[in-house]
Amino acid sequence: MKKRALFAAAVFSALLLLAVLRRYCAGEARGSAGTYGALPEDLGTEDPLAYLAEDFTVREGFSTNLPLVVLETEGELAEYKYFSYGEEVSDGTIDPWTAGHIRIISGEGGRNTLWDAASYTGDIVIKKRGHTSFAYDKPQYLIKLADASGEPCDADLLGIGEGNGWVLNGSMADKSMLRNYLACRIATEASGAAMAPDCRFCEVVRYEDGRYVYQGVYLLMESVERGRDRIDIDEAKKKNVYTSYIVRRDRYTNFDPMLDTYGRINGLSEEWIGLKYPPKRKLTEESLAYIEADFSKTEQILYSRDASVFGVYDKYIDVDSFVDYFLINEFFGNYDAGQHSTYMYKESGGKLKIGPVWDFDQAMNNYYAQEMEPETLAFQTKPFFENLCRDKAFIRRLKSRYAVLRRGALSEKHVFSVLDQAADCLKSAGQREWFRWAADYLDDSFENAGNYYLYDYERDGITISRFNDDYEQELYLIRTYLHRHAGVIQGELTKLLETAEYDTSARSQNGRLLLVIMLLFLVPSVLIHRKGA
């Protein structure tokens, strides 16, 4: 019987050791996979433009395979800010929000018309949103839901989950209309719902002056906010100084409290840290001071060039979230992230997490200033990651995690399958989008201030234009970039590993090894002791 007990203990210990090593070496799925499902192919056979007039009025008979979002506002939306030398400047508008009404039509029959029953209807306040995209001809919108009394309320729109704030993202920088959807869905599948906002394709129509005016293809997205179906952290209370919080690294804005943190004060970061949560109505001077001090403490660790100080960073940040954030943005070539639109959050008493990912319209070789180089990495130059990538332990985790993701969510087969699904879903809607914004999409003159242009580049003394007026070519550019870039990431991480100057793994590995050794000896001895007893 003793032999059986020893054998069982040995098997148990071996399985335990394997589980520990597998977790350490490879990582595992992070959280739930959100609410995404397969996109249905557009099987419509009618001319997609048959029911759009030249002035973009929607005629009776119009239908779509996508949900319809109908907006009605009480007047024009405010042009409440402008940009000077890259900085956001308020025009002095105290309240940029406009009252309005939203109606969402999303039936189960496969086609939606403006005359169908609504799946959601309610009051809203709405404003234009974006930084660079604020000036584009095609506007993007931030919406907050309100109840009949005008008070903020939460609702589940299109099965995404409950929330008050919603984004209608339709950046005309992305002629494919796919970049944000593709990246957000894959990020959610790779790392769980906390890593990316859920989103749904839809077509937006504005009701004005007694007619419906077609606006184009959009993504209805969750905004970044606290909530059970958003960033699920404790609710802030004025009496709790040591509050949970959400911050964003970005440009200066007048609409969020700007924090005086260690990195900004000491010139280690050109960007600002803005406070997204708690809201101003729940923010006290004491809690603001705590957030500044707490985030500054983490910055001191992550920016430190002292190995003994930097080496304890895993006590302050959730390393798994930083690993996945790096890999997702690097995979898609989203090099605006890390510096801009970079969200981080912290549960009271917990570690700092990074995410959700955001804003991929200039990713995948769509950066206006230059062609992206698929054979190199760039995310290791971003704030925080510049120092993290000097640590061999962090890079080993990047390599191990990337190997796992390449067999699943980041596999070429899966990514291209999602890309093809999305393109098939937008067959008709995409044609309407290009018709609606043809004055921008087909304009290569560089004279249209409301358009997004890709700069030409020189090669072998020849000027090569990056202007593109063909939708299939847009998809080809995305596939080509992802194929070439994904294949070199592992090798480039190996090069980073070889040049990294720190190795914080010795301390953590010794701790794990000691735990495993203790378990290997403790479990059999306990079993034998029990048997002897």
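Small disclaimer: the values here were computed from a predicted structure and weren't measured. (Residues numbered from 1 in each chain as written. Predicted model: local features only at pLDDT ≥ 70, side-chain atom pairs only at ≥ 80, totals over all residues. Heavy atoms only, no water.)

Colleague: Describe the packing of aromatic side chains, naming the residues involved and giving the relevant values.
Modeller: Taken as a whole and judged by the stated rule, the model has 30 aromatic pairs. Considering the side-chain rings of Tyr 36 and Tyr 181, the 5.8 Å spacing of their centres and the 80° angle between planes classify their relative orientation as edge-to-face. Within this pair, whereas Tyr 36 is found in the loop between helix H1 (2-26) and strand S1 (68-73), its partner Tyr 181 is found in helix H2 (residues 179-191), the two being separated by 145 residues in sequence. The two residues Tyr 36 and Tyr 181 agree in class, both being buried. (Phe/Tyr/Trp six-rings, centres within 6.5 Å; stacked < 30°, edge-to-face > 60°. Helix = DSSP H or I, 4+ residues; strand = E, 2+ residues; numbered from the N terminus. Buried < 20%, exposed > 50% of the residue type's maximum accessible area, 1.4 Å probe, protein only.)

Colleague: Can you break down the pattern of salt bridges residue by residue, with the values?
Modeller: Evaluation of the coordinates by the stated rule reveals 27 salt bridges. Two residues, Asp 55 and Arg 211, come together in a salt bridge whose shortest N-O distance is 3.4 Å. Of this pair, Asp 55 sits in the loop between H1 and S1 while Arg 211 sits in strand S11 (residues 211-222), placing them 156 residues apart in sequence. A relative accessible area of 42% places Asp 55 in the partly exposed class. Overall, Arg 211 belongs to the partly exposed group, its relative accessible area being 30%. Between Glu 79 and Lys 128 there is a salt bridge whose closest N-O contact spans 3.1 Å. In this pair, Glu 79 is assigned in the loop between S1 and strand S2 (81-84) and Lys 128 in strand S5 (residues 120-128), connecting sequence segments 49 residues apart. (Salt bridge = Lys/Arg side-chain N within 4 Å of Asp/Glu carboxyl O.)

Colleague: An account of empty space enclosed by the protein is needed here, citing residue identities and associated values.
Modeller: In this structure the tally under the stated criterion is 5 cavities of 30 Å³ or more. Roughly 160 Å³ of volume is contained in the largest cavity. The residue makeup of the lining of the largest cavity, split by class, is 7 nonpolar, 4 polar and 7 charged. Each pocket or cavity is described by its volume, and for the second largest cavity that value is around 100 Å³. Taken together, Lys 138, Asn 169, Gly 170, Ser 171, Asp 174, Met 177, Asn 180, Tyr 181, Phe 201, Val 217, Tyr 218 and Leu 219 form the lining of the second largest cavity. Elements represented by at least two residues in the lining of the second largest cavity include exactly H2 and S11. (1 Å grid on protein atoms, 1.4 Å probe; cavity = no way out; pocket = protein on both sides within 12 Å on 5 of 7 lines; lining within 4 Å. Points joined across faces, edges and corners; volume = space filled by probe spheres on them. Nonpolar A, V, L, I, M, F, W, Y, C, P; charged D, E, K, R; others polar.)

Colleague: Account for the environment of Phe 331, naming residues and giving values.
Modeller: One can find Phe 331 in helix H6 (residues 319-331). Counting along the chain gives 33 residues from Phe 331 to Met 364, while the straight-line C-alpha distance between them is 8.7 Å. Beyond its immediate stretch of four places on either side in the chain, Phe 331 contacts Tyr 402, Arg 406, Leu 410, Val 415, Tyr 481, Leu 482, His 485, Ala 486 and Ile 489. (Contact = heavy atoms within 4.5 Å.)

Colleague: A description of the sheet that holds strand S16 (residues 352-354) should follow, citing residues and the corresponding values.
Modeller: Read across the open sheet, the 5 strands follow the order S13-S14-S12-S15-S16; overall the sheet is antiparallel. Of all strands in the sheet, those with a lone pairing partner are strand S13 (258-259) and S16, marking the two edges. Summarising the sheet, strand S15 (residues 342-346) and S16 pair through 3 bridges and their orientation is antiparallel. Counterpart to Lys 346 in the pairing with S16 is Leu 352. With respect to the sheet, helix H4 (residues 285-303) is in contact with strand S12 (245-250), S13, strand S14 (272-277), S15 and S16, its orientation differing from that of S12 by roughly 55°. Most of the contacts of H6 go to S16, to which it runs at about 15°, and overall it touches S15 and S16. (Pairing = 2+ DSSP bridges. Axes fitted to C-alpha atoms, helices over the stretch in contact; angles between N-to-C directions.)

Colleague: Describe in detail the sheet that holds S1, supporting the description with residues and values.
Modeller: Read once around its circumference, the closed barrel built from 7 strands follows the order S1-S4-S5-S6-S9-S11-S10, with strand pairing classed as mixed. The sheet shows a mean angle of 40° between the axes of neighbouring strands, taken without regard to direction. Summarising the sheet, strand S10 (residues 199-208) and S11 pair through 10 bridges and their orientation is antiparallel. Following the sheet pairing, Cys 199 is matched in S11 by Met 221.

Colleague: Describe H2, naming the residues involved and giving the relevant values.
Modeller: Turn by turn, an α-helix covers 3.6 residues, leaving residues three or four places apart pointing in a common direction. Helix length check: H2 (13 residues) gives 18 Å between terminal C-alpha atoms against 18 Å at 1.5 Å per residue, within 8%. Of all the 13 residues making up H2, 12 are buried; the element is thus mostly covered by neighbouring parts of the structure. For H2, every residue scored as buried is listed here: Arg 179, Asn 180, Tyr 181, Leu 182, Ala 183, Cys 184, Arg 185, Ile 186, Ala 187, Thr 188, Ala 190 and Ser 191. Positioned one or two residues after H2, Gly 192 has a phi angle of 95°, which is positive. (Expected span 1.5 Å × (residues − 1).)

Colleague: For unusual backbone geometry, give the residues involved together with the corresponding values.
Modeller: Of note, the amide linkage connecting Tyr 277 to Pro 278 takes the cis form, showing an omega dihedral of 10°. Of note, the bond from Gly 355 into Pro 356 is cis; its omega dihedral lies within 30 degrees of zero at 0°. Looking at the secondary structure, you find Pro 356 in the loop between S16 and helix H7 (385-388). Residues other than glycine seldom take positive phi values, yet Leu 158 does so here, at roughly 55°. Following the sequence through the fold, Leu 158 ends up in the loop between strand S7 (155-156) and strand S8 (162-163).

Colleague: Just give me the short version of the side chain of Glu 299, but keep the residues and values in it.
Modeller: With respect to the helices and strands, Glu 299 occurs in helix H4. Of the side chains bearing the opposite charge, Arg 249 lies closest to the buried Glu 299, which forms no salt bridge; the N-O distance is 4.7 Å. Each residue touching Glu 299, except ones within four places of it in the same chain, is listed here: Thr 261, Tyr 262, Gly 263, Ile 273, Ser 304 and Phe 384. (Lys, Arg positive; Asp, Glu negative; His and termini not counted.)

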